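Chain by chain, the residues run as shown.
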Amino acid sequence: MRDPFSLNNKTILVTGASSGIGREVAIAISNQGGRAIISGRDEMELNKTYEVLEYKEKHAIEAYDLMNIDGIQAWLTSIVKKYDGKLDGFVHCAGMSMLKPLFLLNHHEIDKIMKLNFQAGVELLKHAGNPKISLKGSSFVFISSVAGMMGEPGALAYCSSKAALISAAKTAAIELARFSYRVNCIAPGMVKTPMLQQYEETLGEEQMEVLKRKFPLGIGEPKDVAASSVFLLSEAARWITGTTLVVDGGYTCGK
Ligand SMILES: NC(=O)c1ccc[n+]([C@@H]2O[C@H](COP(=O)([O-])OP(=O)(O)OC[C@H]3O[C@@H](n4cnc5c(N)ncnc54)[C@H](OP(=O)(O)O)[C@@H]3O)[C@@H](O)[C@H]2O)c1
């Protein structure tokens, strides 16, 4: 019987694959038989991801700085040409966080976080959501956050960028359904990655302990988010589009 979760013969672009969640997403894709095109800026870290992929030879590294939004169309076109085959989707994991209360935020900082977390994702979707780049049935996944679904003091810019992805996925799901493309978000709670480490350093131990207690199943691992992205990329999710899959160890249940 065919495994509905298999990614056999599927080519998936993974942004943010040089670290944390993105690295684990690339590994999960390779474990499910897919081909991962891994991206980020840090080539050394991308190589570390590449080294742990199953059947290395079929995967590829494509370093790219997503702050260069105007170059995204040409970059995607070059990927399709270089590897002689269209995409079956992407997982946009690249992102940055920012802890700053409203009265200290300036609009340049808001621009920066919106550009990477939101606009780069939309630009990827705009060009990957084209039959010249992606095959019929492709699945596009944005890594949003529970922060995009609720308020978090000191994280206005981050929360807004993640909420914008959730909203974009809904509209794009309707617009792109004519190509049988699906667009979904994953909203993780706190996951053990270098990004969380940064967060811990800013908040301090005491405040982190209070936060951690709000997670009935504890803090997540990158592989918990990766498994959900495999599901959304696979045939098993063929009737799911425009939705946000919350993967948060029960954090939002208590709200
Ligand atoms: N960890 C959490 O608790 C948590 C919770 C909810 C949602 N998320 C979301 O999950 C995603 C992954 O986060 P993470 O925790 O795995 O963070 P991470 O370990 O800090 O990874 C961030 C990734 O983004 C890439 N990136 C940053 N700036 C980039 C740029 N200009 N161009 C291209 N790539 C860039 C980094 O690669 P390079 O440095 O190589 O460019 C890195 O691979 C993010 O969108 C984050 O908001 C995380």
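Quantities reported herein were computed from a predicted structural model and do not represent experimental measurements.

## Topic: the overall build of the protein chain
Move 1: Of the regular secondary structure elements, the protein chain holds 8 helices and 7 strands.
Move 2: Computed over the C-alpha atoms, the radius of gyration of the protein chain is 17 Å, within 12% of the 18 Å expected from 2.2 N^0.38 for a compact globule of 255 residues.
Move 3: A principal-axis box enclosing the C-alpha atoms of the protein chain has dimensions of 50 × 40 × 40 Å.
Move 4: Counting the 255 residues in the protein chain, one finds 51% classified as buried.
Move 5: By sequence separation, contacts in the protein chain at least 24 residues apart represent 72% of the contacts at least 6 residues apart.

## Things to note about the site of the ligand
Move 1: Every one of the 28 residues lining the ligand counts as a neighbour, but Ser18, Ser19, Arg41, Tyr158 and Thr193 are closest to it.
Move 2: Val191 has a polar backbone atom sitting 2.8 Å from an oxygen atom of the ligand.
Move 3: Within the side chain of Thr193, a nitrogen or oxygen atom sits 2.5 Å from an oxygen atom of the ligand.
Move 4: Expressed as a share of its isolated accessible area of 880 Å², the protein-covered part of the ligand is 90%.

## Topic: the pattern of salt bridges
Move 1: Within this structure, the stated rule accounts for 8 salt bridges.
Move 2: A salt bridge links Lys100 to Glu109; the shortest N-O distance between them is 2.4 Å.
Move 3: Residue classification places Lys100 among the partly exposed positions, given a relative accessible area of 26%.
Move 4: The salt bridge partner of Lys212 is Glu200, with a shortest N-O separation of 3.3 Å. Of this pair, Lys212 sits in helix 7 (residues 205-212) while Glu200 is found in helix 6 (residues 194-203), placing the two residues 12 residues apart along the sequence.
Move 5: Under the relative-accessibility criterion, Lys212 is labelled partly exposed at 27%.
Move 6: For Glu200, a relative accessible area of 28% puts it in the partly exposed group.
Move 7: Through salt bridges with shared partners, a single network forms among Arg23, Glu45 and Lys48.

## Topic: the UniProt feature "domain: Ketoreductase" (unreviewed entry) in the protein chain
Move 1: Under the UniProt annotation, "domain: Ketoreductase" (unreviewed entry) lies at residues 10-189.
Move 2: As annotated, residues 10-189 has a helix share of 42% and a strand share of 19%, and its two end C-alpha atoms lie 28 Å apart.

## Structural notes on the pairing of strand 5 (residues 134-143)
Move 1: Taking burial as the measure, the 10 residues of strand 5 include 7 buried ones, the bulk of the element.
Move 2: The pairing of strand 4 (residues 87-92) with strand 5 spans 5 bridges and is classified as parallel. Paired with Leu87 across the bridge in strand 5 is Ser134.
Move 3: Pairing geometry for strand 5 and strand 6 (residues 182-188), over 5 bridges, is parallel. Along strand 6, the bridge assignment pairs Phe140 with Val183.

## Comments concerning the state of the cysteines
Move 1: Overall, the coordinates contain 0 disulfides when judged by the stated rule.
Move 2: Lacking any disulfide linkage, Cys159 is separated from the closest cysteine sulfur, that of Cys185, by 14 Å.
Move 3: Of the cysteine sulfurs around Cys185, a residue in no disulfide, the closest is that of Cys93, at 12 Å.

Parameters and conventions
- Residues numbered from 1 in each chain as written.
- Predicted model: local features only at pLDDT ≥ 70, side-chain atom pairs only at ≥ 80, totals over all residues.
- Heavy atoms only, no water.
- Helix = DSSP H or I, 4+ residues; strand = E, 2+ residues; numbered from the N terminus.
- Rg over C-alpha atoms; globule rule 2.2 N^0.38 Å.
- Buried < 20%, exposed > 50% of the residue type's maximum accessible area, 1.4 Å probe, protein only.
- Contact = heavy atoms within 4.5 Å.
- Near = heavy atom within 4 Å.
- Polar contact = N/O pair within 3.5 Å; in protein donor to acceptor, adjacent residues only side chain to side chain.
- Areas by Shrake-Rupley, 256 points an atom, 1.4 Å probe, with all protein chains shown as cover.
- Salt bridge = Lys/Arg side-chain N within 4 Å of Asp/Glu carboxyl O.
- UniProt positions renumbered as here; feature names shortened; annotations may be inferred.
- Pairing = 2+ DSSP bridges.
- Disulfide = S-S within 2.5 Å.

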